[in-house]
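Close look at the chain arrangement
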Amino acid sequence: MFTQAKLKEKQRKKKEAESMGEEAPPKQVPKTIESMRVKDETMVNKEDTEVMLDEAQDELATYFNRETSPQILITTCDRPCLRTNKFCKELKLTIPNSEIKYRRGLDLKKIIPQAKERGYTDIIIVNEDRKEPNGLVITHLPEGPTLHFKLSSVRLTTEIKRVGEMSKHKPELILNNFGTRLGHSVGRVFASLFPHDPQFQGRRVVTFHNQRDFIFFRHHRYVFRNNKRVGLKDLGPRFTLKLRSLQKGTFDSKYGEYEWVHKRKEMETSRRKFSL
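To start, this report covers the structure provided alongside it. (Residues numbered from 1 in each chain as written. Predicted model: local features only at pLDDT ≥ 70, side-chain atom pairs only at ≥ 80, totals over all residues. Heavy atoms only, no water.)

1. A look at unusual backbone geometry
The condition that has to hold: Going along the chain from the N terminus, every DSSP run of H or I of four or more residues is numbered as a helix, and every run of E of two or more is numbered as a strand.
In this model, G144 is joined to P145 through a cis peptide bond whose omega is 5 degrees. Summarising the element assignment, P145 is placed in the loop between strand 4 (132-140) and strand 5 (146-155). Here the residue pair G236 and P237 is connected by a cis peptide bond, since its omega of 0 degrees sits within 30 degrees of zero. The topology assignment puts P237 in the loop between strand 9 (230-234) and strand 10 (238-247). Of note, the phi angle at N177 is positive, near 65 degrees, even though the residue is not glycine. By the element assignment, N177 lies in the loop between strand 6 (172-176) and helix 7 (181-191). For R212, which is not glycine, the phi dihedral falls at a positive 55 degrees.

Listed below in structure tokens is the structure:
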């Protein structure tokens, strides 16, 4: 009964607006968390000369100038559980030119110089808590930056229904809603993990979608049904990231200089600004 009454009221208002024509009142915008948010003033214009100069001189410039190709080292905390190991193996399949090396008690500060000597461009560290992956650290070599994320909602390929078969083609990369200066920096780090030239015949696509400061990772293969329709097949894994900090240079938890740190009280209001 309530639904029918609501539908009739909606139809009545629509007819009333049509009869009034140009004199009809403006359509009301519903108040949602998304619509109430205050947009950040640091939104980036890609054609901004200041931004272009910064990018030409930052730590990731060698990748975007095609002077280096990604070589990724994936490692874990000490004595990782089975689920964390499986997650690392799926990351290795998802990210081309990556390999897994186990810590074996080595401190991360000792691993970084060895990784530089062996030509790695990035290190991905997967942390865990209570036998569940719960943190991700990405440090770009040789001069940083370092990003620390909270990792949640991990779903392995074996936990996804009707999962597709993954090929070895280099994937395409989609970065959604990384519009601020901070988001632009984070997006450039994600981009530097993947090869420059995707192999389009593989129809693989990796997506980092930022919404309400959560970054959703998805991995699909697309199929053209006809000239107008495209189908998606989930390849896995799936997970969600939440940025905790952005640090200059390589990983240094004690003396590192932080460009940005998540402040919980400032971020938990419905009118908070876009941070990414």
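2. Regarding empty space enclosed by the protein
Note the following rule: The method works on a 1 Å grid over the protein atoms by themselves. A cavity is a set of points holding a 1.4 Å probe that cannot get out, a pocket is an open set with protein on both sides within 12 Å along at least five of seven lines, and residues with an atom within 4 Å of a point line them. Grid points are joined across faces, edges and corners, and a volume is the space filled by probe spheres set on the points. Gly counts as polar in this scheme, as do all residues outside two lists: the nonpolar Ala, Val, Leu, Ile, Met, Phe, Trp, Tyr, Cys and Pro, and the charged Asp, Glu, Lys and Arg.
Taken as a whole and judged by the stated rule, the model has two cavities of 30 Å³ or more. Lining the largest cavity, in full, are L91, I95, I124, L136, I138, F190, L193, F208, F217, F239 and L241. Secondary-structure elements contributing two or more residues to the lining of the largest cavity are strand 4 and strand 10. Grouping the amino acids of the lining of the largest cavity by side-chain chemistry returns 11 nonpolar, no polar and no charged.

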